[in-house]
Amino acid sequence: MNDVIVKTKHMTKKYGKHKVVKDINMHVQKGSIYGFIGLNGAGKSTCLRMIAGLTDVSRGTIQLFNETNKRGVNEARKRIGAMIEGPDLYPHMTARQNLEVVRMQRGIPGKDCISHTLKQVGLEDTGKKKVRTFSLGMKQRLGIAIALLSSPELLILDEPINGLDPVGVVEMRQLLKDLSEEHGVTIIISSHILTEVYHIATHYGIIHHGELIEQCTREEIEEKSQAYICLRADDREKAVTIIEEKLDEKNYEVLEDGTIKLYAYVDNPKVVSRVLHENGVFIEELTPKHDTLEGYFTRLVKGASV
Amino acid sequence: MMNGLRAEGYKLFHARIFWALIIIASFLSLAMTSLIYLDEKGILIEQITVETGMEESLTGFTMLIESLVEPDAFFIFLFAALLSSFFVAGEYTNGTIKNIVSTGSKRLIIHVNKFIVIWGATILVLLTMVLTFTLFSSIYFGFGTFPTAAEWTVAGKSFGLTCLIIGAYSGIATCLAMIARNAAVAIFALLGFYLVFSTGIDMLAYRYTIFEDLLRYSVFDYMRNLSLLDEGIDNFVSRLVSTAIVTIVLFVGAGVLLFQRKDI
């Protein structure tokens, strides 16, 4: 579990004078599911493209399966399955024919792998239907099938759940978990749907403005996530005034739906309840909670932007 | 290398453009032979005459030899251009080039595979044109006498050299299509390239010696002189072969270099 599959050192990508990715030191451990999170344009896809060999590194190094020299790294890419920036398919071919091209390209013996992979992603019944008539979700599944066909040891998926329906999302989540847990496949998954990454990933890398601002395990995020009291009252403004004046607390946040997130008194919510009640505020909800990945990410990104 | 070639071959036989060109080549042959037939029979109005360039009587076999000795350079370049535009630039449009590159295959091999397939496919389209030309001529004019060994030799040599020139055209087409990354842009770029090097330089060659030399050593000039082969022009064959090979090496090499530096 401690083997590092992907290790980058000061990985940088420049276009002209503009650095889109700066000094990324990324560690992806064997068997882990690495959630790569960042806003649009943060540099996620550029990093994945450099790892997959679609673009060169301007500065720094990439180590793949312990290979460090360029030739070795390129050879190691034969052990990778990737879907970067959406599914890339031949629209005039069927799903099976698309996989046949990849099977030949990679020199995979036997055609059984095609049926098996199509079944894995739920596309076994598409028959002679051309890919151009597929829905976005079906194309996404086929893109994932292409990445999975060679039974890769490292799977790189850039926004794999885009376009999938809710059932498809659940199935995909289960498929990725199975691949990781049962087959020991290491997975790097980037997504802007943070809750989805949170459900799947065991490790996280948070990228912002081309810099990797945090890299941690799920346990570490849970530890670091800030606890708060989720408070809903009949008179929000009065509740806020009481929090500021009577409880002398300014560490709170009012959300758009009127919920107040109070980052204090987490160990003693009864005090908050009592003070609000004594001052005539009716409490609809008062629950101690932990920040989700979304909250943690937002705080990190806000902190990095300051 | 063989895996990549097999995959490219599979894609070719599933590509619409390949079958469309096969059909177009057959249709062109039918149209040409029909025009010749109508002209021979005097059915066409007087103003229209079809130049066959042949002194002997028209038969299936004479047309076979003729089409092998003097293929149309523009059509050959057009076939290579269309194939590479849809087949090479199309990979960028679909994004499927990412699937190929991320397999860890060497970019040199990927580019060379594409070049070989375009080369082979253009030869197949040309052969279709030659064979359908022979077939339709035989239907209209009969088979005629079987060509002599000498005629076969000249036809064989010419076709061999034509194949080399197709290689040069395919090298140019694959390289430019890879740079263009878009089928429509690639077609325009390739036709523009042909016009500049074939017609443009031809015109300039009348005024400036340097362009005359450039034209003499370009693959665009040789195609029109291919029929001189049976007249025994000195050094013509060796010059033609070396020019074609140099063009292939130059453009495939440039294509590989550019592809290796390209962000995908």
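Draft legend 1. How the structure looks around the overall build of chain B. Within chain B, the secondary structure is distributed over eleven helices and zero strands. Traced from its N-terminal end to its C-terminal end, chain B shows the element sequence α-α-α-α-α-α-α-α-α-α-α. Evaluated residue by residue, chain B yields a buried proportion of 40% over its 264 residues. If you take every contact in chain B between residues at least 6 apart in sequence, the share linking residues at least 24 apart comes to 83%.

Draft legend 2. Seen up close, the sheet that holds strand β4 (residues 33–38) of chain A. All names here are of chain A. Taken together, six strands build an open sheet; the order of strands is β6-β7-β8-β4-β9-β10 and the sheet is mixed. Two strands lie at the open edges of the sheet, namely β6 (80–83) and β10 (211–217), each paired on one side alone. Mean inter-strand twist for the sheet, computed between neighbouring axes without regard to direction, equals 15°. Looking at chain direction, β4 and strand β9 (residues 203–208) are connected through five bridges and run parallel. The residue bridging Tyr34 from the neighbouring strand is His203, located in β9.

Draft legend 3. A look at the interface of chain B and chain A. At the junction of the two partners, chain B supplies 20 residues and chain A supplies 26 residues. If you list the elements that add at least two residues to the side of chain B that touches chain A, you get α1 (2–13) and α5 (96–101) of chain B. Examining the composition of the side of chain B that touches chain A, we find that six residues originate from one element, α1 of chain B, more than from any other. Taken together, the residues of the side of chain B that touches chain A sort by class into five nonpolar, ten polar and five charged.

Calculation notes
- Starting afresh in each chain, residues are numbered from 1 along the sequence in its written order.
- Going through the entries in the order they are written, you letter the chains from A and number the ligands from 1.
- Reporting of local features is limited, given that this is a predicted model, to residues whose pLDDT is at least 70; pairs of side-chain atoms are given and counted only at 80 or more, and all residues count toward the totals for whole chains, interfaces and linings.
- Segments assigned H or I by DSSP are reported as helices when at least four residues long, segments assigned E as strands when at least two residues long, and all are numbered from the N terminus.
- Residues are called buried when their C-beta atom has 20 or more other C-beta atoms within 10 Å, exposed when it has 12 or fewer, and partly exposed otherwise; all C-beta atoms are positioned from the backbone.
- Here, residues touch in the contact sense if the C-beta positions derived from the backbone fall within 7 Å of one another.
- Pairing between strands is defined by DSSP: at least two bridges between the two strands are required.
- Here the axes come from fitting lines to C-alpha atoms, over the contacting stretch only for helices, and the angles between their N-to-C directions go from 0 to 180 degrees.
- For this classification, the nonpolar set comprises Ala, Val, Leu, Ile, Met, Phe, Trp, Tyr, Cys and Pro, the charged set comprises Asp, Glu, Lys and Arg, and every other residue, Gly included, is treated as polar.

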